[in-house]
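Observations on the model geometry
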Amino acid sequence: MTVNIQEILDAVETAKPEADLDLLRRAYVFAAVAHGGQTRLSGELYLSHPLAVAYSLAQMGFDEPTIAAGLLHDTVEDTRATLEEIDDKFCEEVADIVDGVTKISLIPFDNKEEAQAENIRKMILAMSHDMRVLMVKLADRLHNMRTLNFQKAHKQRPIAQETMDIYAPLANRLGLYNMKRDLEDLSFKYLWPDIYNQIGRWLDAHQLAEKQIIDKVVELIRGLLAANGIKGHVYGRVKHMYSIYKKMQSQSLTLDEMHDIMAFRIIVDNIKDCYAVLGLVHSQWRPVHGRFKDYISLPKANGYRSLHSTVMGPEGERIEIQIRTEDMHRQAEHGVAAHWLYKEKNQINTKDLGQFSWLREIFERQREESDSREFLHSLKMDLFKDEVYVYTPAGDVKELPEGATPLDFAFLIHTDVGLHCAGAKVNGRLVPLGTELKNGDVVEIITDQSRNPNRDWLKFIKTAKARNRIQHYLRTGERKRAVELGREMLEKEGRKVGLNVARAHKVGHLLLVAQDLNFDGVDEMVAAVGYGNLTPRRVLNRLYAVLHPDDAGQQPPPQGKERKEEQRRDGGVGIAGVDGVLTRFAKCCNPVPGDPIVGYVSHGMGLSVHRADCPNVPNMEPERLISVHWSGVAEKPYEAGIFVLAKNEHGVLANVTRIFAQNMVNISALELDQLVDGRARLRFMVEVRDAAQLYQLIEAIRALPAILEVVRETEGMAT
């Protein structure tokens with residue numbers, strides 16, 4: 001749907017008759033001139049995008065500077081306009097929001113994963129100054145997702161994954177539930193298209209029956225309210241597609257077994273009526289055990305308040321009932337945006353948002369965490385989980401993510417309590433530290449100063465704070481051991497060639513070697529040897545050159561056949577400032593030239609190279625992940641996996657293998673499964689030159705008539 005400026009002005013004026021519409025008109029004209037002649041992939045004028053972003057912000061009830069920033073948000077990055085122009089022609093407030101939203105495309109990064117992580121990090125930093133930066137980014141992402149079908153197929157999935165991982169959870173934590181639902185469903189469409197279409201067809205087939213049940217339940221609830229003299233509004237709807245999919249996954253249900261897909265909302269005048277209506281509903285229909293949540297007494301972290309209960313409806317169907325007041329409903333619909341409806345100066349920062357303590361923790365942690373990718377992983381841990389509320393022995397309420405353990409609780413209380421946690425009692429009973437906490441649990445932590453963290457704790461903790469503190473402790477101890485091991489290796493190898501490493505360190509020669517190898521100090525270089533990402537020979541060759549500058553060729557780096565063998569083992573992968581490291585390609589994701597890659601240093605096994613989007617990377621120890629790049633790639637085949645889901649028709653396999661033959665691509669392995677629903681699932685291992693050739697093959701296979709889905713291995717496959 002194409003939006004025009006008048007629709008935006010009408011939406012703003014309806015919500016706020018005294019709004020500064022002239023600011024929005026001027027911003028529109030500036031954007032139209034700046035983006036003049038530019039088009040989107042859809043063929044539409046580029047201006048359609050900032051108009052759509054501004055319209056979303058207007059619908060959410062944001063102030064005029066935010067909506068103006070929505071109109072201008074791409075001008076600094078994509079046109080000749082400057083931030084100074086925006087500041088001069090509009091105001092500093094608008095310019096600050098645009099500056100916060102502007103992408104960091106001019107900053108060089110080693111790979112796309114690092115760029116994504118730093119982009120998200122900058123967005124979080126901008127949030128700490130003005131929350132409206134994130135609102136514009138969310139509206140920007142929403143429209144990009146709505147037009148994602150115009151992107152090339154191989155770009156759709158990474159964008160959808162980032163949306164599902166970061167933007168939808170952020171919208172959820174900010175209480176923007178409508179936006180969260182839209183972002184989830186749009187991401188779902190591209191991440192699991194086969195399942196998305198299957199659920200869509202099922203909903204279409206049951207649409208009439210569901211509408212009849214919804215109409216019946218709405219009328220019954222309205223009658224119940226009228227009979228008891230309670231004023232209120234009642235609405236019914238079918239849950240959105242991704243929430244249905246999540247329920248299927250969590251409860252291992254098929255579509256035909258799904259009975260909890262309808263939700264009803266009752267909006268009343270006051271809190272007293274909320275609980276009165278709850279009693280009436282429970283007297284009318286039997287509540288389902290364990291499916292009642294009181295978010296009025298214990299609001300969510302984002303300020304959301306409501307009563308939730310699942311009951312057995314009139315047709316024997318499970319139905320969810322939400323009961324809230326008008327104020328609660330406004331908060332639920334607009335989330336953090338509701339704050340601007342009552343703020344005179346409009347400027348909102350984290351100090352104004354007392355209930356968003358999780359945001360302040362994120363801001364603090366981004367200052368502490370130097371690695372952007374590690375920060376992004378921690379952020380995902382914070383955003384993904386729902387909340388659980390537990391009590392200290394003194395009766396204080398503490399909020400944790402769903403699935404959290406007593407160990408997470410210990411670190412929430414204080415870092416020292418977590419580091420020396422020796423045991424825990426839940427509701428007066430001793431429990432293992434990995435026990436999952438439930439709403440209402442009373443948790444007591446037992447400490448012992450002689451007890452310290454171990455790596456097993458990382459297997460069951462759920463909060464980023466606990467994870468970061470444990471890793472910091474382990475990293476400190478591990479680095480100390482790496483320095484000791486590296487020094488021992490250097491001294492042992494040094495003795496073999498007549499070099500006194502200890503003496504070289506004492507007189508400062510080893511420091512010169514460290515500086516020559518681009519390390520900050522001797523300990524950093526020695527630790528690199530201990531970790532296995534720098535060879536003792538490399539250090540000793542440089543040390544010999546320092547000690548004997550006129551005779552450095554006596555122990556030269558390996559040449560000829562030996563050097564070629566080393567290059568063959570490196571496989572065309574380069575590491576900044578380091579060489580001579582045994583390199584192997586991970587079989588879990590099979591990276592090929594052209595893929596964004598990351599290296600993982602393992603003790604005694606050299607460097608394992610993974611695709612940056614490999615599902616195993618987020619679970620690896622961050623301190624062992626290093627930046628690598630393709631360097632001098634040899635003309636040789638690289639293995640890659642392709643999954644194909646197809647109709648089980650005659651000639652399907654022959655047509656697919658013909659594609660490989662036409663492109664001179666060898667098939668090294670093939671697996672074929674016939675599914676009970678008339679589909680076939682094929683897995684090919686093929687030998688390709690690079691990622692470009694691999695995705696050309698995928699596109700060619702996808703064009704065949706009987707093909708339902710084609711994805712690269714580790715990208716996921718509908719069954």
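For the structure itself, look to the data block above.
Now for a quick tour of the structure. (Residues numbered from 1 in each chain as written. Predicted model: local features only at pLDDT ≥ 70, side-chain atom pairs only at ≥ 80, totals over all residues. Heavy atoms only, no water.)

**Focus on the overall build of the protein chain**
On a plain count of helices and strands, the protein chain comes out with 28 helices and 19 strands. Burial status across the protein chain gives 50% buried among its 719 residues. Within the protein chain, counting contacts between residues at least 6 apart in sequence, those at least 24 apart form 66% of the total. Surface summary for the protein chain: the accessible area is close to 34300 Å², and the carbon and sulfur share equals 50%. (Helix = DSSP H or I, 4+ residues; strand = E, 2+ residues; numbered from the N terminus. Buried < 20%, exposed > 50% of the residue type's maximum accessible area, 1.4 Å probe, protein only. Contact = heavy atoms within 4.5 Å. Areas by Shrake-Rupley, 256 points an atom, 1.4 Å probe, with all protein chains shown as cover.)

**Describing the packing of aromatic side chains**
If you walk through the whole model with that rule in mind, you get 13 aromatic pairs. When the ring of F30 is compared with that of F90, the centres are 5.7 Å apart and the planes differ by 85°; the resulting orientation is edge-to-face. Within this pair, whereas F30 is found in helix α2 (residues 21-34), its partner F90 is found in the loop between α6 (83-89) and α7 (92-101), the two being separated by 60 residues in sequence. When sorted by exposure, F30 lands in the same class as F90, which is buried. On the numbers, 5.8 Å between centres and 20° between planes, the contact of F585 with W630 is stacked. With F585 in strand β12 (residues 583-585) and W630 in strand β15 (residues 625-630), this residue pair connects regions lying 45 residues apart in the sequence. Look at F585 and you get partly exposed, because its relative accessible area is 22%. Taking NZ or CZ as reference, R40 lies 6.0 Å from the ring centre of Y46, over its face. (Phe/Tyr/Trp six-rings, centres within 6.5 Å; stacked < 30°, edge-to-face > 60°. Lys NZ or Arg CZ within 6 Å of the ring centre and 35° of its normal.)

**Section: unusual backbone geometry**
For N518, which is not a glycine, the phi torsion comes out positive at approximately 70°. Structurally, N518 is set in the loop between α23 (509-516) and α24 (522-531). A relative accessible area of 63% means that N518 is categorised as exposed. A positive phi angle, close to 55°, is found at M664, a residue other than glycine. Mapping M664 onto the fold places it in the loop between α27 (652-662) and β17 (666-674).

Bear in mind that shape data such as this cannot, by itself, settle questions of function.
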